[in-house]
Amino acid sequence: MIVQNGTCYTLHTAHTSYQLAAGPGGMLLHTYYGPRLPDGAPNLADSRPPHGDPGCWTDLLPKEFSAPGTADNRTAPCLPEYADGSEAADLLFVSARMQKGKPALPGLPMFRDGDGVETLCVTLRDEFGLEVELRYTVYEAEELITRSAVYKNAGEKPLTLHKAASLCLDFAPGCYDLITLNGTWAAERTPERAPLRCGVQSVGSARGVPGHAHNPAAILCAPDATETAGECWGFAFVYSGNFLIEAERCDAGERLVIGIHPYHFHWTLAPGESFAAPEAAMVYADGGLGQMSRRFHNAIRTRLLPPRWQDMQAPRPVLLNSWEAFYFDFDEERLVQLAAAAQKAGIDLFVLDDGWFKGRSDTSSSLGDWAEDEAKLPDGLPGLCRRVGELGLDLGLWVEPEAVSPDSDLYRAHPDWAFAVPGRRPLEIRRQYTLDFSRPEVVDAVWQQLERVLRSCPIRYLKWDMNRSLADVYSAALPAARQGEVYHRYVLGVYELQRRVTETFPDLLLENCAGGGARFDCGMLYYSPQIWCSDNTDARARLLIQYGTSLIYPGCVMGAHYSAVPNHCTGHLSTMEARMAAALFGTFGFELDLTGYSEEELAALRPYVAWYKAHGGLVRGGELYRLANPDVSALGAAWMVAAPDGSEAAVFAVGDALGGAHGPASLNSLPRLPLRGLDAAALYADEAGERYTGAQLMAAGLPLPGARGQTPACIWYLRRVDAHMDE
Ligand code: DGJ
């Protein structure tokens, strides 16, 4: 609900409120973001001037949005340059309007319009011509507010934006911790938490994709916030390219700015033209990080994912991916043998990863030539699809549409379609270049190839990979003055192609991937309901990666596969139960060579597949409670997923978490794991028929078996078995 009181606007979700108000001289002030205010609450703007000099106020008052050069010296969300070379703008309140639903952001993904959605649009203007429309969309039940900013040149001469962020949020002076999700290849999204110090702390990417090193999401929280208590503000950028998140602490308080990275971004607007910045999403919770995460998970599941995949109770295929089984070393016979073994384990979908197309036998060639390699697939994809289908499995396929190998027919025909700075030899990474997706004709040409492949036989699943950072970003199709648009136009091209694929093939299950999890963001989730989390499938490493990921993103979007030991990435050993538990955290699939497995070994996998088929709806759609979080040594973790009505729950404990409330597994105690999210008054039974009350499970805890060895693990399923005990 949005409530207007003069020029004060209060945005209410079910349990939170956000308020902004026009203040002295038309300055738009940020006045509140926290627990829900009573209806009709007055404007919370502080009427006390900071001190007698109004000229200084602009640097001290909490502002909703600002530009530099007018004495607001905090981190600026936008940097305009006018035709006369001046770079100052005083953005003042002009008007506001409220509407049902939400205006589109052309070419950009966003949390979806729908029932119960309302938007506030506030126009700010600088007298020299820059106009910014701030958009706030309220998702009341989901406790979510999304924001974006549309920049317009309302003047008479061109103006150039050197920075055009999406969100700026000021906090009254206080103490906050900043949590960001960082890492590297095979160790993505490790959470790091530290007090926000004076000055600016930032994470970002100038790689063209968000990258492995930092995720486009951040959390500010009270220093004493824990999983179960305390104030948290969570933010996620709905964008899949260069980004910058800046958190500043200064005399005036704290400021957070989220937007496209200003590196090599400049966008000139002719009079009347606009630039729409991508959306940023925010959630407030006063019940700790766990509550904040659950709010994000619910909003992502119900308002962001493609509608076709939002029903968490609808079955999702259990897949087997060929990559860690065979890498590039396969032919049709081997693939069919692998699919036959997968069928015996109860798997539904066989995914053919990299290496299926013309001449591709290692990373040195063929990207861009999306036609079958006849040496490996004599009857093409239709032939393989038929044989896999005869086994009762569906077929899925890997592609890397943005990439081109120097040794490819596509590159030989169109060398200018790859990014290259004139006169500079382009950098090969993984022996490949990147196609200039800022050019519509390049997107069209790749689309024609993909469409032909996807129409050639029933392909049910597509893994869209992207295996390098961008470099040499320069478009042969744009003049020098417009090269600053290329990074963003590239992302728009990626979105356009994903839109065509998903709209033309609405039943296709799209999974995004970028050398593991280098493009794990809300922009991608608009098109694909799952993203490959990391190339590291080691159970212990995955616990840490998936824990960090779960701070913002729900388990149902995390591509997670059971794989071989020793793990191909780390060389570690871990138990079957631990590897299964880690894979069941996410989308649950397999990625190993099963062709050498005996009938008994294949039969041993079947109960897990059956467990997922029986309880997958709960795992995907339930509420996540993190019971014990892994640290960087990733020695263990425990988590549970409870149905929102408390009727059932799945509980997982791995490694030292099996020590329960007593910490590391003890050989000389009877550890217990206190649960959360159950109905205290109900009676629950586990799969062995043991019964407990919800109160017992949450206060005293689930009795743990005690465990020894490397990565012991346990998986429980609890079901409410009768009416409330107090009824
Ligand atoms: C990187 C991906 O993350 C892997 O899963 C695999 O698809 C390879 N690329 C294939 O080249």
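Refer to the preceding data block for the structure.
Note that the coordinates shown come from a computational prediction; the quantities given were computed from them, not determined experimentally. (Residues numbered from 1 in each chain as written. Predicted model: local features only at pLDDT ≥ 70, side-chain atom pairs only at ≥ 80, totals over all residues. Heavy atoms only, no water.)

## Here we look at the side chain of S405
With respect to the helices and strands, the residue S405 is situated in the loop between β24 (403-404) and α6 (409-413). In terms of polar contacts, S405 uses its side chain to reach the backbone amide nitrogen of L367, at 2.8 Å. When neighbours within four sequence positions are excluded, S405 is seen to be in contact with R360, S364, S365, S366, L367, Y411 and R431. (Helix = DSSP H or I, 4+ residues; strand = E, 2+ residues; numbered from the N terminus. Polar contact = N/O pair within 3.5 Å; in protein donor to acceptor, adjacent residues only side chain to side chain. Contact = heavy atoms within 4.5 Å.)

## A word on the sheet that holds strand β32 (residues 623-628)
In a beta sheet, neighbouring strands are held together by backbone hydrogen bonds and run either parallel or antiparallel to one another. Strand order in this open sheet of six strands is β32-β33-β34-β39-β36-β37, and the pairing throughout is antiparallel. Either end of the sheet is taken by a strand with one partner, and the two such strands are β32 and β37 (691-693). Taking the axes of each pair of neighbouring strands and ignoring which way they run, one obtains an average angle of 25° across the sheet. Here strand β33 (residues 636-642) pairs with strand β34 (residues 648-655) via seven bridges, running antiparallel. The residue bridging G636 from the neighbouring strand is G655, located in β34. (Pairing = 2+ DSSP bridges. Axes fitted to C-alpha atoms, helices over the stretch in contact; angles between N-to-C directions.)

## A few points about helix α5 (residues 380-390)
Along an α-helix, residues three or four positions apart point the same way, because every turn accommodates 3.6 residues. Buried within α5 are the following residues: G380, L381, G383, L384, C385 and V388. Those residues of α5 that are buried lie in contact with α4 (332-344), β22 (349-352), β23 (394-399), α7 (440-456) and β26 (459-464). Two residues or fewer after α5 comes G392, characterised by a positive phi angle close to 90°. (Buried < 20%, exposed > 50% of the residue type's maximum accessible area, 1.4 Å probe, protein only.)

## As for the site of the ligand
Around the ligand lies a shell of 13 residues, among which D353, D354, K463, D465 and D535 are the nearest. One nitrogen or oxygen atom from the side chain of D354 is found 2.7 Å from an oxygen atom belonging to the ligand. Notes on the ligand: free accessible area 290 Å², of which the protein chains cover 98%. The class makeup of the residues in the shell around the ligand is four nonpolar, three polar and six charged. (Near = heavy atom within 4 Å. Areas by Shrake-Rupley, 256 points an atom, 1.4 Å probe, with all protein chains shown as cover. Nonpolar A, V, L, I, M, F, W, Y, C, P; charged D, E, K, R; others polar.)

## A closer look at the environment of D170
Here D170 lies in strand β10 (residues 159-171). As for D170 and H30, which are separated by 140 residues in sequence, their C-alpha atoms are 6.6 Å apart. Beyond its immediate stretch of four places on either side in the chain, D170 contacts H30, L61, P62, K63, R74, E254 and R255. At 2.8 Å, the side chain of D170 and the backbone nitrogen of K63 are in polar contact. A polar side-chain atom of D170 sits 3.1 Å from a polar atom in the side chain of R74.

## Re the packing of aromatic side chains
This model, assessed by the stated rule, comprises 36 aromatic pairs. Taken together, a centroid distance of 6.1 Å and an interplanar angle of 35° make the contact between W356 and W370 tilted. Placement of W356 in the loop between β22 and α5 and of W370 in the loop between β22 and α5 is noted, with a sequence separation of 14 residues between them. For W356, a relative accessible area of 0% puts it in the buried group. Stacked on the ring of F330, the Lys or Arg K376 has its end atom at 4.6 Å from the ring centre. (Phe/Tyr/Trp six-rings, centres within 6.5 Å; stacked < 30°, edge-to-face > 60°. Lys NZ or Arg CZ within 6 Å of the ring centre and 35° of its normal.)

## Some details on the pattern of salt bridges
Summed over all chains, the structure comprises 41 salt bridges. A salt bridge links D72 to R255; its shortest N-O distance comes to 3.0 Å. With D72 in the loop between α1 (54-60) and β5 (78-82) and R255 in strand β17 (residues 253-259), this residue pair connects regions lying 183 residues apart in the sequence. For R720, the salt bridge goes to D679, with nearest N and O atoms at 3.4 Å. Taken together, the residues span a long stretch of sequence, with R720 in strand β39 (residues 713-720) and D679 in the loop between β35 (672-673) and β36 (683-685) at a distance of 41 residues. With a relative accessible area of 26%, R720 lands in the partly exposed category. D679 sits in the buried class, given a relative accessible area of 16%. In this structure, a network of salt bridges that share partners links the residues D444, E496, R499, R500 and E503. (Salt bridge = Lys/Arg side-chain N within 4 Å of Asp/Glu carboxyl O.)

## Some points on empty space enclosed by the protein
As enumerated under the stated definition, the model contains six cavities of 30 Å³ or more in all. Computed from the structure, the largest cavity encloses a volume of approximately 90 Å³. What lines the largest cavity is a set of 13 residues, among which G555, V619, G622, L624 and V641 lie closest to the centre. When residues of the lining of the largest cavity are traced back to their parent elements, those giving at least two are α2 (288-304), α12 (599-621), β32 and β33. A per-class count over the lining of the largest cavity returns seven nonpolar, three polar and three charged. (1 Å grid on protein atoms, 1.4 Å probe; cavity = no way out; pocket = protein on both sides within 12 Å on 5 of 7 lines; lining within 4 Å. Points joined across faces, edges and corners; volume = space filled by probe spheres on them.)

## Thoughts on the nonpolar core
Within soluble globular proteins, side chains that are nonpolar tend to cluster in buried spots. By size, the foremost hydrophobic cluster in this structure holds 204 residues, and its most contacted members are Y151, W356 and F590. With residues near it in sequence (within four places) discarded, F590 still touches V318, L319, L320, N321, I347, H561, Y562, M580, L605 and V609. In terms of nonpolar packing, the next biggest core, distinct from the first, is built from 22 residues, M640, L658, Y684 and Y692 among them. (Core = buried A, V, L, I, M, F, W, Y, C linked by side-chain atoms within 4.5 Å.)

## Some thoughts on the side chain of T587
Tracing the sequence through the fold places T587 in the loop between α11 (576-584) and β31 (589-591). Among the polar contacts listed, one links the side chain of T587 to the backbone nitrogen of A560, at a separation of 3.2 Å. Those residues in contact with T587 that lie beyond four places of it in its chain are Q530, G555, C556, V557, M558, G559, A560 and Y612.

## Some points on the packing of α11 against α12
Remark: α11 packs on α12, axes separated minimally by 11 Å, with the N-to-C direction vectors making an angle of 30°. With respect to α12, the axis of α11 lies roughly parallel. Two packed elements cross with a definite hand, and for α11 against α12 that hand is right-handed. Each of M576, E577, M580 and L584 in α11 lies in contact with α12, whose residues at this interface are A604, L605, Y608, W611, Y612 and V619. Each residue belonging to the contact of α11 with α12 can be placed in one class, and the counts come to nine nonpolar, no polar and one charged. (Parallel < 35°, antiparallel > 145°, perpendicular 65-115°, else oblique. Left-handed = near helix turned anticlockwise from the far one by under 90°.)

## Thoughts on the pairing of strand β3 (residues 16-22)
For β3, a buried count of six out of seven residues is recorded, marking the element as mostly surrounded by other parts of the structure. Across five bridges, strand β2 (residues 8-12) lies against β3 in antiparallel orientation. Within the sheet, the bridge partner assigned to H12 lies in β3 and is S17. Here β2 folds back onto β3 in antiparallel fashion, the turn holding three residues. Strand direction decides the pairing type here: β3 and strand β4 (residues 28-35), joined by seven bridges, are antiparallel. Paired with T16 across the strands is P35, a residue of β4. The turn linking β3 back onto β4 is made up of five residues, and G25 within it adopts a positive phi angle of 65°.

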